[in-house]
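If you want the building blocks of each chain, they are given just below.
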Amino acid sequence: TVTNLRETLNEIAASIDVEQDVVMVYLASHGSRDHVLTVTMPPLEVAPLTAPALRGLLDASGIKWRIVVISACYSGGFIDALKDDYTLVLTAAATDRTSFGCGNESDATYFGEALFQHGFAQADSVLGAFDAAKARVAEREAAARFKPPSDPQVFVGPAMAAKLKELDRGNAALRSGRTV
């Protein structure tokens, strides 16, 4: 729920160094053409999550460095509301496209599976993981003849671009066994 997300973000913010630490938020749901994520908890009626509401929750939490991953149809429509200097946004689909692989029989969406099980396993950086995931999603969609393709999107704020380079250097040092 939106309330649960608010409380979770506030708890995370209270336990980190908000000036240094990077927080990744991953949201997977059904998305609509009007850029709203569905939240269901039958028999309760629960408010959906809009892009401006998500931005408001993140801002109110005080979390500065943000990686927001949204795996949903039309999730590219969240980018404009979430854009700022300190944010990286990865979406499963363009603003006007559906994404694939969701449903009761799926463990993960095509994008979620591609990002977490393949992209991060193969790449040395977050953006490298996104590029690998985007390529894998395109392959799966082409093989299944899904049209139009989902066209995953990325936005990187200028300050976050520099922060990602810092994180990548730290990860490289850890992989080589050097002290960071």
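Up top is the structure.
The structure contained in this document is the topic of the report that follows. (Residues numbered from 1 in each chain as written. Predicted model: local features only at pLDDT ≥ 70, side-chain atom pairs only at ≥ 80, totals over all residues. Heavy atoms only, no water.)

Concerning the overall build of the protein
Per the secondary structure count, the protein includes six helices and six strands. Helices and strands in the protein line up, N terminus first, as α-β-β-β-α-β-α-β-α-α-β-α. Computed over C-alpha atoms, the radius of gyration of the protein comes to 17 Å, within 12% of the 16 Å expected from 2.2 N^0.38 for 180 residues, which places it in the range of a compact globule. A principal-axis box enclosing the C-alpha atoms of the protein has dimensions of 45 × 40 × 25 Å. Of the contacts formed within the protein by residues at least 6 apart in sequence, a portion of 62% connects residues at least 24 apart. When the accessible surface of the protein is split by element, carbon and sulfur atoms take 52% of a total near 9700 Å². A distance of 6 Å separates the average location of the 17 positive side-chain charges in the protein from that of its 22 negative side-chain charges. (Helix = DSSP H or I, 4+ residues; strand = E, 2+ residues; numbered from the N terminus. Rg over C-alpha atoms; globule rule 2.2 N^0.38 Å. Contact = heavy atoms within 4.5 Å. Areas by Shrake-Rupley, 256 points an atom, 1.4 Å probe, with all protein chains shown as cover. Lys, Arg positive; Asp, Glu negative; His and termini not counted. Charge placed at Lys NZ, Arg CZ, Asp CG, Glu CD.)

Regarding the pattern of salt bridges
Evaluated as defined, the whole model comprises 11 salt bridges. Of the charged contacts, one joins Glu 19 and Lys 64 as a salt bridge, the two residues approaching to 3.0 Å between their closest N and O atoms. Here the residue Glu 19 occupies a position in the loop between helix H1 (2-15) and strand S1 (22-28), and Lys 64 occupies one in the loop between helix H2 (51-61) and strand S4 (65-71), the gap between them amounting to 45 residues. The partly exposed category is assigned to Glu 19, whose relative accessible area is 44%. Lys 163 is the salt-bridge partner of Glu 166, the closest N and O atoms lying 3.6 Å from each other. Separated by three residues within a single helix, Glu 166 and Lys 163 lie in helix H6 (residues 158-176), roughly one turn from each other. (Salt bridge = Lys/Arg side-chain N within 4 Å of Asp/Glu carboxyl O. Buried < 20%, exposed > 50% of the residue type's maximum accessible area, 1.4 Å probe, protein only.)

So, the environment of Tyr 26
Among the structural elements, Tyr 26 can be located in strand S1. For the pair Tyr 26 and Gly 112, spaced 86 residues apart in the sequence, the C-alpha separation amounts to 9.1 Å. Dropping the residues within four chain positions of it, Tyr 26 is found in contact with Val 69, Ser 71, Thr 109, Gly 112 and Phe 116.

Re the sheet that holds strand S5 (residues 87-91)
With mixed pairing, the four strands of this open sheet are ordered in space as S1-S4-S5-S6. A single partner strand is all that each edge strand has here, and the edge strands are S1 and strand S6 (153-156). Strand-to-strand, the axes of this sheet are offset by a mean angle of 10°, without reference to chain direction. For S5 and S6, the ladder comprises four bridges, and the chain directions are antiparallel. Paired with Val 89 across the two strands is Phe 155, which belongs to S6. (Pairing = 2+ DSSP bridges. Axes fitted to C-alpha atoms, helices over the stretch in contact; angles between N-to-C directions.)

A look at the side chain of Ser 71
Position of Ser 71 among the secondary structure elements: in strand S4. A distance of 2.5 Å separates a polar atom in the side chain of Ser 71 from a polar atom in the side chain of Thr 109. Beyond its immediate stretch of four places on either side in the chain, Ser 71 contacts Tyr 26, Leu 27, Ala 28, Ser 29, Ala 92, Thr 109, Phe 111 and Gly 112. (Polar contact = N/O pair within 3.5 Å; in protein donor to acceptor, adjacent residues only side chain to side chain.)

Observations concerning the side chain of Asp 84
Secondary-structure assignment places Asp 84 in the loop between helix H3 (79-82) and S5. Polar contacts involving the side chain of Asp 84 include one to the main-chain amide nitrogen of Tyr 86, which spans 2.9 Å. Beyond its immediate stretch of four places on either side in the chain, Asp 84 contacts Arg 55, Arg 66, Phe 155 and Gly 157.

Note that every value here comes from positions in space, so none of it alone points to a role or purpose.
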